Amino acid sequence: MTTTPSNQLWIYDTTLRDGTQREGLSVSIEDKLRIAHKLDELGIPFIEGGWPGANPKDVQFFEQLQTNPLKQAEVVPFCSTRRPHTKAVDEPMLQAILAADTRWVTIFGKSWDLHVTAGLKTSLAENLAMIGDTIEYLRSQGRRVIYDAEHWFDGYKQNPDYALQTLTAAVTAGAEWLVLCDTNGGTLPHEVSQIVSVVSGQLSVVSQRGLGGFPHERLTNPEGVSCQEKIPQIGIHTHNDSEMAVANALVAVMAGARMVQGTINGYGERCGNANLCSVIPNLQLKLGYSCIGEHQLNQLTEASRFVSEVVNLAPDEHAPFVGLSAFAHKGGIHVSAVARNPLTYEHIQPELVGNHRRIVISEQSGLSNVLAKARSCGIELDKDHPQARQILHRMKELESQGYQFEAAEASFILLMYEALSCRQQFFEVQGFQVHCDLVEMKESTNSLATVKVAVNGKNILEAAEGNGPVAALDAALRKALVNFYPQIADFELTDYKVRILNGNTGTSAKTRALVESGNGQQRWTTVGVSSNILEASYQAVVEGLEYGLLLHFQAEKALKV
């Protein structure tokens with residue numbers, strides 16, 4: 001009999017099914033396949049791929065995985081129990097699940113008597129039959145079953161006896177995992193801990209005694225990833241409607257759960273699901289459980305940002321563990337302390353989850369911030385270096401004028417290089433003009449920008465159109481430069497924000513423009529400030545292109561070393 005370490009947990013990712021129910025999130029088949037393979041690389045043992053039969057996209061997803069399978073993860077289809085007063089063998093949706101040709105299947109059923117009578121409009125006895133018949137049929141077809149007990153905690157609180165009967169039906173029929181779901185997301189941690197402990201205790205008794213028609217020999221030496229010493233085992237599936245999804249998942253594990261279901265970045269319907277990017281490091285680094293390999297844990301930040309890019313949602317910069325600001329330090333005292341001993345203001349080493357320490361530059365910064373930022377760019381300065389205080393003085397002077405380097409680190413790095421007389425001049429913009437046509441009865445405004453740029457001693461004059469003045473200016477600059485720097489074709493303007501700094505002065509108010517750019521692997525932000533909104537935007541766009549070129553040539557140089 002194969003045994004499993006007592007600290008082993010199984011992570012079950014449902015980003016591709018539950019996560020896609022988030023408002024504003026939509027993925028193609030290609031997106032789902034890319035995410036599935038990334039999760040496989042991360043070492044996630046179970047990946048829920050969707051509901052084949054519910055839509056053509058999920059059917060094609062499972063078909064394509066049959067020709068290009070995952071390396072270690074079990075891909076799992078998801079489906080409900082059969083309908084009332086039918087037979088599982090005649091249920092078309094179960095045939096689609098079988099056609100997915102997977103070893104594992106996840107079936108969800110009703111735990112709350114309210115949902116049975118008001119939602120399904122059937123009897124409590126029939127619901128138990130639906131659970132048992134569905135799982136028995138799937139087991140007869142050679143499938144291993146994970147049973148998701150939907151609305152478990154609400155159902156248990158209202159009618160504990162019946163809720164437990166639904167689990168008994170699933171166990172008797174052959175389910176190997178019983179996943180307790182806080183579907184409405186309203187249960188608090190002390191309730192989750194208490195209820196999971198009760199279920200865990202009762203299932204221990206059931207496993208020792210055996211349960212009608214579920215002989216112990218069927219439970220030993222299972223194939224695949226879930227090598228359990230004792231099954232059925234408990235899983236937990238939490239939602240974040242009370243901001244408790246991660247906490248509820250942790251206390252459930254401490255009470256006996258051995259599978260945790262969740263999504264990357266906490267994506268999900270309403271307020272989302274348990275965020276695996278927080279669940280995994282908390283369980284592994286804080287509580288000593290084994291979820292994924294150490295070499296895979298340090299890929300967590302990359303995986304989080306990869307999924308954000310694929311689903312086309314901006315990453316949460318303040319997300320714990322994986323956010324850009326998760327290990328960012330702004331106050332001068334904090335920065336000074338972290339430089340001496342990171343434990344003073346960091347709960348883990350950022351590198352353990354693939355993140356890194358950042359020193360934020362702002363008007364609250366001290367000399368320690370400047371020195372640390374220079375060090376992160378490979379520049380060694382000490383506090384007595386004359387340029388160090390010059391950089392600090394210039395930064396605070398510009399911030400007093402409305403610049404915000406905290407949100408535009410790329411602009412600060414360029415400022416720092418300029419103060420140190422090592423800022424490379426890739427091009428020089430000698431002037432620009434923008435012309436806008438206002439056409440009556442049309443919603444959009446057509447703009448034409450003309451720029452004059454000097455590159456390597458050559459003067460270039462180019463023009464381009466855009467659906468607005470900033471878009472036209474950006475297009476004209478790219479057009480002028482791309483023949484000299486072809487990599488600019490890979491740069492894209494990913495975000496553009498404008499803020500009025502002193503609105504009481506009316507249309508002559510000073511404007512701050514923040515431009516976020518990217519090259520497919522990295523993103524950076526630049527800032528411009530002026531009483532002329534086009535001038536402010538021009539500053540930010542130009543520095544965005546300049547910093548992108550700087551990154552490119554630094555990376556190219558590093559490869560040659």
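Residues numbered from 1 in each chain as written. Predicted model: local features only at pLDDT ≥ 70, side-chain atom pairs only at ≥ 80, totals over all residues. Heavy atoms only, no water.

### A closer look at the packing of aromatic side chains
Then, number 1: Scanning all chains against the criterion turns up 16 aromatic pairs.
Then, number 2: Taken together, a centroid distance of 5.7 Å and an interplanar angle of 35° make the contact between Trp-152 and Tyr-156 tilted. Taken as a pair, Trp-152 and Tyr-156 lie in helix α6 (residues 152-158) at a separation of four residues, close to a single helical turn.
Then, number 3: For Tyr-156, a relative accessible area of 16% gives the class buried.
Then, number 4: Ring geometry for Phe-491 and Trp-524: centres 5.7 Å apart, planes at 85°, overall edge-to-face. (Phe/Tyr/Trp six-rings, centres within 6.5 Å; stacked < 30°, edge-to-face > 60°. Helix = DSSP H or I, 4+ residues; strand = E, 2+ residues; numbered from the N terminus. Buried < 20%, exposed > 50% of the residue type's maximum accessible area, 1.4 Å probe, protein only.)

### A look at the confidence of the model for the protein chain
Regions with low pLDDT should not have their predicted coordinates read in detail.
Then, number 1: Scored by pLDDT, the protein chain comes out at a mean of 89, with 92% of its residues at no less than 70.
Then, number 2: For the stretch residues 211-230, pLDDT sits under 50, and the model shows 55 contacts to residues farther than four places along the chain or on other chains. (pLDDT = per-residue confidence, 0-100. Contact = heavy atoms within 4.5 Å.)

### Looking at the sheet that holds strand β11 (residues 428-437)
Then, number 1: In spatial order, the strands read β11-β12-β13; together these three strands make up an open sheet with antiparallel pairing. Every other strand in the sheet has two partners, leaving β11 and β13 (458-466) as the edge strands with one partner each. Each adjacent strand pair in this sheet contributes to an overall mean axis angle of 15°, direction not counted.
Then, number 2: Where β11 and strand β12 (residues 446-455) come together, nine bridges link them in antiparallel fashion. Each bridged residue has a counterpart across the sheet, and for Gln-433 the counterpart in β12 is Thr-450.
Then, number 3: Across the sheet, helix α17 (residues 469-481) lies against β11, β12 and β13, angled at about 35° from β12, the strand it touches most. (Pairing = 2+ DSSP bridges. Axes fitted to C-alpha atoms, helices over the stretch in contact; angles between N-to-C directions.)

### So, the pairing of strand β7 (residues 233-238)
Then, number 1: With six of six residues buried, β7 is to be regarded as a mostly interior element.
Then, number 2: Covered by surrounding structure in β7 are Gln-233, Gly-235 and His-237 together with Ile-234, Ile-236 and Thr-238, the residues of both alternating faces.
Then, number 3: Pairing of strand β6 (residues 177-182) with β7, which is carried by six bridges, proceeds in the parallel orientation. The partner of Asp-182 across the bridge, within β7, is Thr-238.
Then, number 4: Pairing between β7 and strand β8 (residues 259-262): three bridges, direction parallel.

### Here we look at the sheet that holds β6
Then, number 1: Sheet architecture is closed into a barrel: eight strands sit in the order β1-β2-β3-β4-β5-β6-β7-β8, paired in parallel fashion. Strand-to-strand twist of the sheet, defined as the mean angle between neighbouring strand axes without regard to direction, takes the value 25°.
Then, number 2: Helix-sheet contacts for helix α3 (residues 92-99) involve β3 (74-80) and β4 (104-110), and the interaxial angle to β3 is about 180°.

### Comments concerning the pattern of salt bridges
Then, number 1: For the structure on display, the rule yields 27 salt bridges.
Then, number 2: In this structure, the salt-bridge partner of Glu-397 is Arg-394, at a minimum N-O distance of 3.0 Å. Of the two residues, Glu-397 and Arg-394 both sit in helix α15 (residues 386-400), three residues apart, roughly one turn of that helix.
Then, number 3: Lys-497 is paired through a salt bridge with Asp-495; the nearest N and O atoms lie 3.8 Å apart.
Then, number 4: Each of Glu-418, Arg-423, Glu-543 and Glu-546 takes part in salt bridges that share partners, so that together they form one network. (Salt bridge = Lys/Arg side-chain N within 4 Å of Asp/Glu carboxyl O.)

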